[in-house]
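Residue strings, one per chain:
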Amino acid sequence: MKFANSIWTSVFLALLAVTAVPCRAAEAVVLPESPAAGSLSIRPSLAESESVTWMESAPRTSLSLFGLPNAPASDIGVPLYEQDLQQGDFGFHLLPDGVIYRSYLAGPKEPRMSAGIISIPDDSTLWDATIGGRLGMFRIGNSDPIRPRGFQMDVEAAAMVRLDIPENVDVRSADFRVGLPLTWGNEASQWKFAYYHLSSHLGDEFLEKNLDFPRFWQARDALVLGHSLYLTDSLRIYGEVGWAFYSVASDPWEVQFGLDYAPRVATGLRGAPFFAVNGYLREELDFGGGLNMQAGWAWRSDMRAHLLRLGFQYYNGASPQYAFLPFHETQYGLVLWYDF
């Protein structure tokens, strides 16, 4: 266990070192076209130049899912939506589209919509589902939903439920989470400072059939500091540290880190591959925890940056259902995810 924990610690420190490297988003450079031979070149006035620039930088409209295959390549956002990044609409935006700091794709406690059938050898076949999401309350920045810049406050909430399919689909357990993330950053680098409350509960049906089952109900009120960095347009690495100022049946510190690879712009019906890896370490487990890996196919249908994924999941470690936290699980599953 000590050797495994040292490996986890080394990987986490390496990721933190990489995310600390500053990264600047590439700026688009527009070169003037050369006049045709024999033509008269007229240099526009300053006012005319500013007018033309404003018109060219106007945000493009959203593309429908069925309109994408027939749309020009420049309208599908390859490689960088330069026009949208140059919008001059920096200001206060109420209920903005998109989030500055996106949820971790393989994070076991992220707010999203998901449903999947998982198998735990020597246990049962289970239905794991998450009902929740994230909503931007306000943003001081631009209005770009794909790569927003600025400062934003979000609200998040989720219920993470586990059902036992062979046992009449009884509710085994449920974890509830609510939080207030404050995020800031640009297209390449993002930061998060958040508060969240999480509590775990065993299902009534499970308790009726397992009266002697030990109680590991947890509650946490925690502060989190996280940093994510896009190494390429699709590949992101991240790391975060959490500290609970109030906790029941758990210790204060937790560490989370990993990487996501997924399409960052609209894909149309064809979609694109994704994969994600997440490590979640807990102090009460001597900074052991769980490893979650996902791979499959993903779709972004429009300019709102919502992501639909279908794929396989492998998890190995302490149970992500906190009422069963001391128990080890090896999971194999097919899951559908919808991220905001």
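Residues numbered from 1 in each chain as written. Predicted model: local features only at pLDDT ≥ 70, side-chain atom pairs only at ≥ 80, totals over all residues. Heavy atoms only, no water.

Evaluation of the coordinates by the stated rule reveals 18 salt bridges. Asp 154 is the partner of Arg 134 in a salt bridge, and the nearest nitrogen-oxygen pair spans 2.6 Å. Residue Arg 134 is found in strand 3 (residues 124-141), and its partner Asp 154 is found in strand 4 (residues 150-164); the two are separated by 20 residues along the sequence. What emerges from the salt-bridge pattern is a single network uniting Arg 112, Arg 309 and Asp 339. (Salt bridge = Lys/Arg side-chain N within 4 Å of Asp/Glu carboxyl O. Helix = DSSP H or I, 4+ residues; strand = E, 2+ residues; numbered from the N terminus.)

Moving on to unusual backbone geometry. For Leu 95, which is not a glycine, the phi torsion comes out positive at approximately 50°. Tracing the sequence through the fold places Leu 95 in the loop between strand 1 (91-94) and strand 2 (113-120).

Below, the discussion takes up the pairing of strand 5 (residues 170-185). As judged from the 13 bridges shared by strand 4 and strand 5, these two strands associate in the antiparallel manner. Bridging across to strand 5, Gly 150 finds its partner in Gly 185. The hairpin turn running from strand 4 into strand 5, its antiparallel successor, is 5 residues long, and Asn 168 in that turn takes a positive phi close to 60°. Here strand 5 pairs with strand 6 (residues 189-202) via 13 bridges, running antiparallel. Across the sheet, Thr 183 pairs through a bridge with Lys 192, a residue of strand 6. Following strand 5, the chain reverses through 3 residues before pairing antiparallel with strand 6. (Pairing = 2+ DSSP bridges.)

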